[in-house]
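Notes for the structure review
The residues making up each chain are set out below.
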Amino acid sequence: MGRPPTHAARPAFMIRFLIIRFVFPIILFVVIRTVLRSLALGARQRSAGPRSAPSRDIPASAELKKDPVCGTYVSTAASLTRTINGKVVHFCSEECLHKYRAA
Ligand SMILES: [Zn+2]
């Protein structure tokens, strides 16, 4: 009996204190970091210019050729290319190449 009422209010106060003291700065830090990163990324993309745009794409010179074994269209840049009986043939995989030679 005779517990001071401030004792009951203390945990709630502590939680609010912890949120303001720790959670809020963490959220703020994450937000600032995200903004800075997006700014840095944007600056990098702008400075790189359009040169970096087609880096991972199929080269412009590449074209699609039909694999005579499975019928898949393969990029000439990525396909297995063999000259068989004077004819350039493009295969999607080693397996198709072997099948074509066996046939
Ligand atoms: Zn194939």
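Report on the accompanying structure. (Residues numbered from 1 in each chain as written. Predicted model: local features only at pLDDT ≥ 70, side-chain atom pairs only at ≥ 80, totals over all residues.)

1. Topic: the overall build of the protein
Summing up its helical and strand segments, the protein has two helices and four strands in all. Counting over 103 residues, the protein shows a buried share of 9%. Within the protein, residue pairs in contact and separated by at least 24 positions form 19% of the contacts whose partners lie at least 6 positions apart. (Helix = DSSP H or I, 4+ residues; strand = E, 2+ residues; numbered from the N terminus. Buried ≥ 20, exposed ≤ 12 C-beta atoms within 10 Å, placed from the backbone. Contact = placed C-beta atoms within 7 Å.)

2. Quick notes on unusual backbone geometry
Positive phi outside glycine occurs at Asn85, with the angle close to 55 degrees. With respect to the secondary-structure elements, Asn85 resides in the loop between strand E3 (80-84) and strand E4 (87-91). Given 5 C-beta atoms within 10 Å, Asn85 falls into the exposed group.

3. Examining the pairing of E4
Here five bridges tie E3 to E4, and the two strands are oriented antiparallel to one another. Each residue of the ladder has a partner; that of Thr83, found in E4, is Val88. The hairpin formed by E3 and E4 contains two residues between the paired strands, and Asn85 there has a positive phi angle of roughly 55 degrees. (Pairing = 2+ DSSP bridges.)

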